[in-house]
Amino acid sequence: MRFAEADKNSGYLIEAYGREGIQIDGRRYGQGLALSPQRIIAPWGPPSPAEFATEHLETLLTLAPQVMVLGTGTHQVFPDPAVYCDVLSRGIGVEIMDTGAACRTYNILVSEGRRVVAGLLPC
């Protein structure tokens, strides 16, 4: 799916996503990645959503988010709550959804000026 033209002054935004990968700033990423308005970390994440571990979220925490959006591939898959319990205890919101919804949510939160970080697994 392609997005309408977005205001790139807000930082990195997702331009498109699908089976071919996630496109940011004209570049397509075919593997999992961590994304904030200021930084892209690729590759990132577990091989599958069932393998999410605290160390994957620790990488996202280094980006100092208010909100963490996790995209779990083509389907929404909730990790074990123990994986993200520490994040919640720090007062950081955690939203878990399929990667398409996570891409859309990330862009909206960036456009609102929120300190958001996304951890996105491929579709």
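The following refers to the structure shown. (Residues numbered from 1 in each chain as written. Predicted model: local features only at pLDDT ≥ 70, side-chain atom pairs only at ≥ 80, totals over all residues. Heavy atoms only, no water.)

## Quick look at helix H1 (residues 54-61)
And then number 1: For H1, the complete set of buried residues consists of His56, Leu57, Leu60 and Leu61. Seen along its axis, H1 keeps its buried residues to an arc of 145°; they face one direction.
And then number 2: Lining the buried residues of H1 we find strand E4 (33-35), strand E6 (67-72), helix H2 (81-89) and strand E8 (116-121). (Buried < 20%, exposed > 50% of the residue type's maximum accessible area, 1.4 Å probe, protein only. Helix = DSSP H or I, 4+ residues; strand = E, 2+ residues; numbered from the N terminus. Arc of directions from axis to C-beta. Contact = heavy atoms within 4.5 Å.)

## Examining the sheet that holds E6
And then number 1: Ordered in space as E5-E4-E8-E6-E7, the five strands form an open sheet in which the pairing is mixed. Either end of the sheet is taken by a strand with one partner, and the two such strands are strand E5 (40-41) and strand E7 (93-97).
And then number 2: Running over the sheet, H1 touches E4, E5, E6 and E8 and is turned about 135° from E6. (Pairing = 2+ DSSP bridges. Axes fitted to C-alpha atoms, helices over the stretch in contact; angles between N-to-C directions.)

## Focus on the pairing of E8
And then number 1: Burial analysis of E8 places six of its six residues in the buried class, the great majority of the element.
And then number 2: In this sheet, E8 lies alongside E4 in antiparallel orientation, the contact comprising three bridges. Each bridged residue has a counterpart across the sheet, and for Leu33 the counterpart in E8 is Leu120.
And then number 3: Bridge count for E6 against E8 is six bridges, and the pairing is parallel. Across the sheet, the residue bridging to Gly71 is Leu120, located in E8.

## Here's the deal with the packing of aromatic side chains
And then number 1: What the rule picks out here adds up to one aromatic pair.
And then number 2: Between Trp44 and Phe52, the ring centres sit 6.0 Å apart and the planes meet at 50°, which makes this aromatic pair tilted.
And then number 3: For Trp44, a relative accessible area of 6% puts it in the buried group.
And then number 4: Exposure remark for Phe52: the relative accessible area of 6% places this residue in the buried category. (Phe/Tyr/Trp six-rings, centres within 6.5 Å; stacked < 30°, edge-to-face > 60°.)

## Section: the sheet that holds strand E1 (residues 14-18)
And then number 1: Pairing is antiparallel in the open sheet, where three strands are placed in the order E1-E2-E3. Looking at strand neighbours, the two that pair on one side only are E1 and strand E3 (27-29), the edges of this open sheet. Across the sheet, the mean angle from the axis of one strand to that of its neighbour is 20°, orientation sign disregarded.
And then number 2: Note: E1 against strand E2 (residues 21-24), four bridges, orientation antiparallel. Bridging across to E2, Ala16 finds its partner in Gln23.
And then number 3: Helix H3 (residues 99-111) contacts E1 and E2 of the sheet and is inclined by roughly 175° relative to E1.

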